[in-house]
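Chain by chain, the residues:
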Amino acid sequence: MIDVRLLRDNFDQVAEALKGRGVEKETLEHLRDLDQKRRQVIVEAENLKKERNIASDAIGQLKRNKENADDKIQEMKALGTKIKALDSDLDQLDQEEHDILARIPNLPAEGVPVGEDEDENVEIHRHGETPEFDFEVKAHWDLAEDLDILDWDAGAKVSGSRFVYYKGLGARLERALYNFMLDQHQKEGYMEMITPFLVNDQAMYGTGQFPKFTEDVYQITNEGQDLTLIPTAEVPLTNYFAKEILKEEDLPIRVTALSPCFRSEAGSAGRDTRGLIRMHQFQKVEMVKVATPDQSFDELEAMTENAENILDLLGLPYRRIVLCTGDMGFSAAKTYDIEVWMPAQNTYREISSCSNCVDFQARRAQVRYRDIDGKTQLAHTLNGSGLAVGRTVAAVLENGQNADGSITIPEVLVPYMGGVSQITKENARGLN
């Protein structure tokens, strides 16, 4: 969450910055008024507590002198009643202020383009030549169904729409990709982790998914406790450091994990109803970093390059864009999206999103470090997809397709595919 002191001291600048993120000035004015009233109540309560202490000392003195202390006792009781009422008011003001702060997105970093939606994102660069085909290209879902390596009908039968079965070399391709990604990230200094796939509400709050996006997740109740199926490994990876005080000399810390991701895709009816682009369950390799404020933006550049490196090695064309204020995620201060070329759609589609959240998540989750002077500071947290595995499968299928419907496997994946360099109808079942 944002620092309320920043709002207090730089109201106009904060209001202007958050205007581009859809936050109304009236909301911030109400928050400022609440904060002012809360601080007034604190001062008033503290003053009354001092008066109560003075009255208590006076009562003691009167009793020691064997004098009548009834008036002072009544005075102290009246002060206690007032203090109790003020404490109740303070609890209510704290909760109201917290509820508003919890729903306000992060401030955009300096230089982030101002815009309302994805149409105002800014392209940074492109890499790789888009392939040319001398035959009519097919979408990845048609290619996969013809080869019988993905089965959406069975997924719908068992689980509903936007679920899929991977089969044979389709399953092997998915496994090859995420093993390849994890191996690359380990070479780049990320420690691999396997995380819980169910998290509590505090973990979801810590990374900014709750309370704003509760309708986008799947939840279960176990022994009276609500648990959420993770929408991304960002949640358990970042919260691994929650309520910890790290050492500055250990930063930046880089971790990575493969996990299933579960998303209800609320509000996405009619969008990407076919294929692997928008599923309720999918696999993703996630990168997370914890850094100092001086390190974090350099680490964002490096993280984005780590994601791009996967696409470079796979030989897949892509572009990098910087998201405008209106298209960034809730917790992000700056985000780069990497979009891979999808020939059947004749466009680029998101395959990775890399964000610097600065101290926004760290304030919510209490991720801190002790600097060289011994002072405790909020860390900066970063996260990025390295990559969304299902979307990478789709890109490999479409970019590697041949006229006969077979798929050429990127060279770096062949060892992970057990030596298979091409998926054909004859070998698609993946049986020796």
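Fair warning: this is a prediction, and the values are worked out from it, not measured in the lab.

About the cut-offs
Residues numbered from 1 in each chain as written. Predicted model: local features only at pLDDT ≥ 70, side-chain atom pairs only at ≥ 80, totals over all residues. Heavy atoms only, no water. UniProt positions renumbered as here; feature names shortened; annotations may be inferred. Helix = DSSP H or I, 4+ residues; strand = E, 2+ residues; numbered from the N terminus. Contact = heavy atoms within 4.5 Å. Polar contact = N/O pair within 3.5 Å; in protein donor to acceptor, adjacent residues only side chain to side chain. Buried < 20%, exposed > 50% of the residue type's maximum accessible area, 1.4 Å probe, protein only. Phe/Tyr/Trp six-rings, centres within 6.5 Å; stacked < 30°, edge-to-face > 60°. Lys NZ or Arg CZ within 6 Å of the ring centre and 35° of its normal. Pairing = 2+ DSSP bridges. Axes fitted to C-alpha atoms, helices over the stretch in contact; angles between N-to-C directions. Core = buried A, V, L, I, M, F, W, Y, C linked by side-chain atoms within 4.5 Å. Domains from an automatic or database assignment. Buried area = accessible area lost by both parts, 1.4 Å probe.

Trainee: Now, about the UniProt feature "binding site: L-serine" (unreviewed entry) in the chain: what can you tell me, with residues and values included?
Mentor: Using the residue numbers shown here, the UniProt feature "binding site: L-serine" (unreviewed entry) corresponds to T232, A233, E234, R263, E286, N383 and S385. The topology assignment puts T232 in the loop between β7 (225-229) and α9 (234-239). Sequence-distant contacts of T232, defined by excluding residues within four places in its chain, comprise Q209, S259, C261, R263, K284 and E286. Within polar-contact distance, the side chain of T232 engages the backbone nitrogen of E234 at 3.1 Å. A relative accessible area of 28% places R263 in the partly exposed class. Discounting residues that sit within four places of it in the chain, R263 has contacts with D216, Y218, P231, T232, M279, H280, F282 and K284.

Trainee: I'd love a proper account of the environment of Y318, names of residues and values included.
Mentor: Note that Y318 resides in strand β11 (residues 318-322). Residue classification places Y318 among the buried residues on the basis of a relative accessible area of 2%. Taking the C-alpha atoms as reference points, Y318 and T381, separated by 63 residues in sequence, lie 26 Å from one another. Excluding residues within four positions of it along the chain, Y318 makes contact with H125, R126, H127, E308, L311, D312, I338, E339, V340 and Y348. A distance of 3.0 Å separates the side chain of Y318 from the side chain of D312, its partner in a polar contact.

Trainee: Just give me the short version of the packing of aromatic side chains, but keep the residues and values in it.
Mentor: A complete count under the given rule lists six aromatic pairs for this structure. Centroid distance F180 to Y416: 5.9 Å. Interplanar angle 75 degrees. Geometry classified as edge-to-face. Of the two residues, F180 sits in helix α7 (residues 169-187) while Y416 sits in the loop between β17 (407-408) and β18 (422-423), which places them 236 residues apart along the sequence. For Y416, a relative accessible area of 24% corresponds to the partly exposed category. Considering the side-chain rings of F330 and F360, the 5.6 Å spacing of their centres and the 75 degrees angle between planes classify their relative orientation as edge-to-face. Here F330 is found in the loop between β11 and β12 (334-342), whereas its partner F360 is found in helix α11 (residues 360-365), with 30 residues between them in sequence. By the burial criterion, F330 is buried, and F360 matches it. Put simply, the rings of F213, F330 and F360 pair up and form one aromatic cluster. Sitting above the plane of the F11 ring, R32 keeps its charged end 4.0 Å from the centroid. In this arrangement the basic side chain of R364 is found over the ring face of Y205, its NZ or CZ atom lying 4.1 Å from the centre.

Trainee: Could you give an account of the sheet that holds β11, naming the residues involved and the relevant values?
Mentor: Reading across from one edge, β1-β11-β12-β13-β16-β10-β9-β4 is the order of the eight strands in this open sheet, with mixed pairing throughout. Edge strands, defined here as strands with exactly one partner in the open sheet, are β1 (122-127) and β4 (191-192). Relative to strand β10 (residues 281-291), strand β9 (residues 253-262) runs antiparallel, the two sharing ten bridges. From the neighbouring strand, S259 faces β10, where its bridge partner is K284. Contacts from helix α12 (residues 389-399) reach β9, β10, β12, β13 (347-356) and β16 (380-388), with the element oriented near 40 degrees to β16.

Trainee: Any chance you could break down the nonpolar core for me, citing the residues and the numbers?
Mentor: A general trend in soluble globular proteins is that nonpolar side chains are found buried together. Counting 55 residues, the largest nonpolar core has I149, L173, L177, L311, L397, L413 and I423 as the members making the most contacts within it. Examining the composition of this core, we find that eight residues originate from one element, α7, more than from any other. Discounting chain neighbours no more than four positions away, the residues touching L311 are L316, Y318, I338, V340, I351 and L387. Counting 35 residues, the second largest nonpolar core, distinct from the first, contains F11, L34, L48 and V199.

Trainee: Would you mind going over the sheet that holds strand β14 (residues 367-370) in detail, with residue names and values included?
Mentor: On the basis of which strands lie adjacent, the open sheet formed by three strands has the order β8-β14-β15 and mixed pairing. The open sheet has two edge strands with one neighbour each: β8 (244-247) and β15 (376-378). In this sheet, adjacent strand axes meet at a mean angle of 40 degrees when their direction is disregarded. Inspection of the sheet shows β14 paired to β15 by three bridges, in the antiparallel sense. Following the sheet pairing, R370 is matched in β15 by T376.

Trainee: Describe the pairing of β9, and please don't skip the residues or the numbers.
Mentor: Among the ten residues in β9, nine count as buried, and that is most of the element. As judged from the two bridges shared by β4 and β9, these two strands associate in the parallel manner. Each bridged residue has a counterpart across the sheet, and for E192 the counterpart in β9 is T256.

Trainee: Report on the domain arrangement of the chain, specifying residues and quantitative values.
Mentor: Domain boundaries in the chain define domain 1 (4-102) and domain 2 (118-423). At the junction of the two partners, domain 1 supplies four residues and domain 2 supplies nine residues. Both faces considered, domain 1 and domain 2 share a buried interface measuring about 540 Å² in area, 38% of it formed by carbon and sulfur atoms. Counting the surface domain 1 buries against domain 2, the share from its top three residues, G20, R21 and A102, is 81%.

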